[in-house]
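Fold and geometry: a report
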Amino acid sequence: MWGLKVLSAALMAGLILFGGSALLAEGQEDPVTKGEPVGRTLEDFPSPIQGKPLRVAGEYYSEELGTTLFHSGTDYAQAEGAVIRVKHAGRVTYAGPDPFLGHKVEVDCGEDWSVIYGGLKNLRVKEGDWVEVDQAIGQIGYYPDIFGNIEQTHLHYEVRHGDLVQVDSD
């Protein structure tokens, strides 16, 4: 009986330390990653909008402040009212107003990866919802950047691994 308690404690420790996927049998699909490959990179998180970005993620010089700032996502021009669909399944960890991004939706994609969609209105998801690939989460709304420089409606698309914003190295 004592051996069963030790085994049970070890299994629980494995769940806590390594997540539930540590106990999946070979060939079983992880319910969070939905069988997606382990060891993802930024390239595994394409934007739902293609085209030339208005502003990319990374450092830029702000003439208004006379200093270098960091922009945490890439802004893609898009018509107001356009429907935005997720490109990765996951759990919605936030859906609501943001002082810098208008309304935003954050999706936990598993393996410590998350995606933020900002500049939205008419949100179609709420915190705790599970979203599937190509599911609509909202529409493009209007919000200017904090300096009023980008007046065109756009999607703010941000990919994070842990607490780190992922920036394209190109």
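The rules behind these values
- Residues numbered from 1 in each chain as written.
- Predicted model: local features only at pLDDT ≥ 70, side-chain atom pairs only at ≥ 80, totals over all residues.
- Heavy atoms only, no water.
- Phe/Tyr/Trp six-rings, centres within 6.5 Å; stacked < 30°, edge-to-face > 60°.
- Helix = DSSP H or I, 4+ residues; strand = E, 2+ residues; numbered from the N terminus.
- Buried < 20%, exposed > 50% of the residue type's maximum accessible area, 1.4 Å probe, protein only.
- Lys NZ or Arg CZ within 6 Å of the ring centre and 35° of its normal.
- pLDDT = per-residue confidence, 0-100.
- Contact = heavy atoms within 4.5 Å.
- 1 Å grid on protein atoms, 1.4 Å probe; cavity = no way out; pocket = protein on both sides within 12 Å on 5 of 7 lines; lining within 4 Å.
- Points joined across faces, edges and corners; volume = space filled by probe spheres on them.
- Core = buried A, V, L, I, M, F, W, Y, C linked by side-chain atoms within 4.5 Å.

**Considerations on the packing of aromatic side chains**
- Within the structure shown, the criterion is met by two aromatic pairs.
- Here Phe-45 and Trp-113 contribute two aromatic rings whose centre-to-centre distance is 4.8 Å and whose plane-to-plane angle is 20°, an arrangement assigned as stacked. One end of the pair, Phe-45, is in the loop between helix H1 (2-18) and strand S1 (53-55); the other, Trp-113, is in strand S8 (residues 113-121), and 68 residues separate them in sequence.
- For Phe-45, a relative accessible area of 3% corresponds to the buried category.
- A relative accessible area of 4% places Trp-113 in the buried class.
- Here the aromatic rings of Tyr-117 and Tyr-157 are separated by 5.4 Å at their centres, their planes lie at 65°, and the arrangement is edge-to-face. Remark: Tyr-157 occurs in strand S11 (residues 154-161) and Tyr-117 occurs in strand S8; sequence separation between them is 40 residues. Of the two residues examined, Tyr-117 and Tyr-157, each falls in the buried class.
- In this structure, Arg-55 packs its charged tip against the face of Tyr-60, placed 4.4 Å from the ring centre.

**Some thoughts on the confidence of the model for the chain**
- Per-residue pLDDT for the chain averages 79, and the proportion of residues at 70 or more is 72%.
- Per-element mean pLDDT across the chain ranges from 34 in H1 up to 98 in strand S9 (residues 130-131).
- For the stretch residues 1-33, pLDDT sits under 50, and the model shows 18 contacts to residues farther than four places along the chain or on other chains.

**Details of the layout of surface pockets**
- Size it by volume and the largest pocket reaches roughly 450 Å³.
- Lining the largest pocket are 23 residues, and of these Leu-42, Thr-74, Tyr-76, Tyr-157 and Asp-168 lie nearest its centre.
- Only strand S4 (74-77) and S11 provide two or more residues apiece to the lining of the largest pocket.
- At three residues, S11 tops the list of elements feeding residues into the lining of the largest pocket.

**Some points on the nonpolar core**
- Counting residues in each nonpolar core, the largest one holds 22 residues, and the members touching the most others are Ile-84, Val-107, Tyr-117, Leu-120, Ile-137, Leu-155 and Tyr-157.
- Taken together, the elements giving at least two residues each to this core come down to strand S7 (102-110), S8, strand S10 (136-140) and S11.
- The element contributing the most residues to this core is S8, with four residues.
- Contacts of Tyr-157, omitting those with residues within four sequence positions, involve Phe-45, Pro-46, Ser-47, Pro-48, Gly-73, Thr-74, Tyr-76, Val-115, Ile-116 and Tyr-117.

**Things to note about the environment of Gly-73**
- As for its placement among the helices and strands, Gly-73 is situated in the loop between strand S3 (67-71) and S4.
- A relative accessible area of 1% places Gly-73 in the buried class.
- Remark: the alpha-carbon pair of Gly-73 and Val-115, spanning 42 residues in sequence, is separated by 9.8 Å.
- Beyond its immediate chain neighbours, meaning those up to four positions away, Gly-73 contacts Arg-55, Val-56, Ala-57, His-156, Tyr-157 and Glu-158.

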